[in-house]
There are 2 protein chains.
Amino acid sequence: MRIFYDEMKNEFKRVLISRGFSEENADAGAAVFANNSLDGIYSHGLNRFPKIVEYLDIKKMNPEAVATCEMSMGAIEKWDGHQGFGPLNAKLAMDRACELAKEYGIGLVALGNNNHWLRGGTYGRQAADAGYIGICWSNTMPNMPAWGGTERKIGNNPIVFSVPKSDGNHVIVDCALSQFSYGKIEETKLKGQQLPVHGGYNEAGELTTDPAEIEKTWRVLPMGYWKGSGISILLDLMATTLTNAHSVQKIGTFKEEVGLSQILIAIDVKKFHSQEQIDAITEEMIADLKSSTPITEGGEIRYPGEREFATRKDNLENGIPVVLEKWEEVKGF
Amino acid sequence: MRIFYDEMKNEFKRVLISRGFSEENADAGAAVFANNSLDGIYSHGLNRFPKIVEYLDIKKMNPEAVATCEMSMGAIEKWDGHQGFGPLNAKLAMDRACELAKEYGIGLVALGNNNHWLRGGTYGRQAADAGYIGICWSNTMPNMPAWGGTERKIGNNPIVFSVPKSDGNHVIVDCALSQFSYGKIEETKLKGQQLPVHGGYNEAGELTTDPAEIEKTWRVLPMGYWKGSGISILLDLMATTLTNAHSVQKIGTFKEEVGLSQILIAIDVKKFHSQEQIDAITEEMIADLKSSTPITEGGEIRYPGEREFATRKDNLENGIPVVLEKWEEVKGF
């Protein structure tokens with residue numbers, strides 16, 4: 001089943017208004033969810049929407065709270081998200097990081113006590129749309145064991161890097177530090193499929209590609225084994241020491257995944273080089289990647305972010321594929 | 001065989017002086033190599049030293065060249081390394097990033113046309129020793145296929161994150177974006193061992209743990225499969241657009257791994273919080289990680305950087321383990 005963008009966005013907007021959002025904030029919030037599904041990141045679009053409604057309903061999230069700047073020192077600022085609507089607060093923080101970058105060449109906003117930003121790539125694209133390099137990450141609830149350990153102690157803390165392209169098809173990496181995001185594991189299970197490579201451990205402590213087995217243990221594999229574990233710890237530690245807000249461990253005591261720590265950095269690369277120079281470098285790099293001999297006949301080497309743009313085009317024209325159960329759930333709110 | 005730190009450093013210093021280094025630069029350069037071996041990163045200490053001598057001998061590196069600032073805009077600067085001695089230029093650039101961070105809260109130096117910095121962790125520790133959060137990365141020669149491709153097109157571009165601890169045992173991640181560094185693959189082959197997990201492809205296109213098989217194809221596996229591939233592309237693109245110097249692709253045309261692009265970022269976290277607050281956050285996080293139940297009986301969960309500090313202590317007391325063949329090679333220069 002496929003649903004056109006406007007229908008999906010309007011449905012999200014209706015629900016957000018019914019939960020106390022202003023018309024303007026409901027519109028912006030609905031756009032974030034609908035755009036994520038539009039780009040093919042269903043796990044952070046339609047499939048995540050019911051969870052956000054749940055947070056609103058149990059008062060874990062205040063639709064009226066807006067992030068405020070608490071400390072400012074040159075090119076860095078510390079903000080408090082007041083456990084408001086995560087995506088809007090993160091957008092405000094990246095807006096501010098871009099302003100700081102315009103003034104100082106680089107800007108950093110450390111946003112503590114915010115809620116889930118849904119999809120980090122949103123803010124990477126936001127920076128790139130404004131002409132800046134974007135770097136951002138968020139911590140999460142504890143959802144992976146640290147390397148060598150058994151219990152979930154570290155977050156899959158997504159990290160994002162983006163470089164602007166003048167045609168808008170920016171080069172963007174957005175990845176959780178687990179080999180697979182929870183959304184991907186859930187989606188794969190819903191489809192009755194196996195993961196393409198090992199994604200975690202089964203109850204016998206063996207590596208497995210079965211998403212249902214992984215969900216039984218919650219022992220998700222970090223990207224790159226010990227490497228992803230180490231990077232996760234550092235992203236959490238940097239975010240927590242800069243915000244002095246909530247670490248992954250602390251978030252684990254909240255029962256729900258709220259009050260996260262997020263870092264948003266923008267770099268004004270055009271202080272040094274023109275967008276034309278940046279485009280030339282980028283196009284040369286992409287052309288070189290695409291000149292690779294594919295490992296599978298007829299295969300294609302894509303640059304980071306390219307698939308989302310292709311999916312967006314298809315979904316705009318033909319409607320967004322939905323898991324019927326999730327769509328019905330949203331319509332029932 | 002184990003060699004004490006001073007003997008190793010003096011041997012390196014003797015060789016560097018014989019290749020045209022000043023007494024002062026030879027001493028600093030020898031310290032970088034000896035410290036890497038001291039920390040147990042043998043691949044970037046003794047085992048790499050002969051390669052650097054080769055570069056000096058074929059005039060791919062000029063021991064007299066020192067990096068200079070080419071453009072400056074607030075908290076960001078663009079430097080040219082003039083293909084000088086990589087570790088010293090990178091140190092100068094991180095020194096400057098720390099100065100900028102002191103003034104603006106954050107500082108970034110984009111260092112183009114530099115040579116191999118050896119071990120990124122050196123500059124992460126440098127920032128942490130000065131009390132700053134450090135973030136840095138370098139591009140490399142093409143040494144991995146992009147995800148879905150066959151030929152080596154992307155770099156294993158190491159990335160480093162560090163957070164200062166007042167006792168000097170900083171939390172530091174330093175990892176190449178290949179699942180294993182070339183140094184580790186070489187070291188494992190020299191020891192006649194297998195890698196603990198898949199590290200690349202054999203000639204039949206199958207994943208393998210055999211370092212000798214991987215060296216035949218050079219098809220090294222990115223950390224986290226497609227994730228490491230995407231991150232590698234973005235780190236290269238950010239470094240190249242900020243320096244307007246050499247991309248991984250361009251470096252691949254140089255025949256030797258020279259003229260790299262490196263980004264050094266320092267963040268003055270103490271503008272917001274005291275070192276005591278940072279220590280409290282860090283110690284709480286470490287204690288939580290260490291409270292994990294180990295997957296193997298008697299196992300220990302270490303924080304990132306901890307092993308290097310333990311190795312350093314052991315190697316200082318008992319001498320640095322060396323591969324005899326490499327040590328004899330250095331003594332013969």
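A quick note: this is a predicted structure, and the numbers were derived from the prediction, not measured.

## Remarks on the interface of chain A and chain B
With 63 residues of chain A in contact, the opposing surface of chain B contributes 64 residues. At the level of elements, β2 (68–73), β3 (76–80), α4 (86–104), β4 (106–114), β8 (159–163), β9 (171–175), α8 (226–243) and α10 (275–290) of chain A are the ones that each hand at least two residues to the side of chain A that touches chain B. For the side of chain A that touches chain B, the class distribution of residues is 36 nonpolar, 20 polar and 7 charged.

## Some details on the sheet that holds strand β12 (residues 260–267) of chain B
Residue and element names in this part refer to chain B. Spatially, β2-β3-β4-β12-β5-β8-β9 is the arrangement adopted by the 7 strands of the open sheet, whose pairing is mixed. Two strands in the sheet have a free side with no partner beyond their single neighbour: β2 (68–73) and β9 (171–175). Taken pair by pair, the neighbouring strands of this sheet meet at an average axis angle of 10 degrees, ignoring direction. Two strands pair when backbone bridges link them, and strand β8 (residues 159–163) and β9 are joined in this way by 5 bridges, in the antiparallel orientation. Its bridge partner being in β9, Val-163 is matched across the sheet by Val-171.

## What about the relation of the copies chain A and chain B?
Mapping chain A onto chain B calls for a rotation angle of 180 degrees and an axial translation of 0.0 Å; the resulting RMSD is 0.0 Å. Read as a symmetry element, the transformation amounts to a two-fold axis. Proximity to the rotation axis, assessed at the C-alpha, singles out Gly-224 of chain A in chain A; its C-alpha lies 2.2 Å from the axis. Taken as a fraction of all interface residues of chain A, those also at the interface in chain B reach 100%, which identifies the copy contact as same-surface.

## Brief notes about the environment of Asp-6 of chain B
Residues and elements named next belong to chain B. Here Asp-6 shows up in helix α1 (residues 5–18). With 9 C-beta atoms packed within 10 Å, Asp-6 lands in the exposed category. As for Asp-6 and Ala-31, which are separated by 25 residues in sequence, their C-alpha atoms are 9.4 Å apart.

## Here's the deal with the domain arrangement of chain A
All names here are of chain A. Here the domain parsing of chain A yields domain 1 (2–59 + 323–332), domain 2 (68–176 + 226–271), domain 3 (179–221) and domain 4 (275–302). One C-alpha centre belongs to domain 1, the other to domain 3, and the line joining them spans 26 Å. Each side of the interface is counted separately: domain 1 has 6 residues, and domain 3 has 6 residues.

Each value, and the rule that gives it
Residues numbered from 1 in each chain as written. Chains lettered and ligands numbered in written order. Predicted model: local features only at pLDDT ≥ 70, side-chain atom pairs only at ≥ 80, totals over all residues. Contact = placed C-beta atoms within 7 Å. Helix = DSSP H or I, 4+ residues; strand = E, 2+ residues; numbered from the N terminus. Nonpolar A, V, L, I, M, F, W, Y, C, P; charged D, E, K, R; others polar. Pairing = 2+ DSSP bridges. Axes fitted to C-alpha atoms, helices over the stretch in contact; angles between N-to-C directions. Least-squares fit on C-alpha atoms with pLDDT ≥ 70 in both. Buried ≥ 20, exposed ≤ 12 C-beta atoms within 10 Å, placed from the backbone. Domains from an automatic or database assignment.

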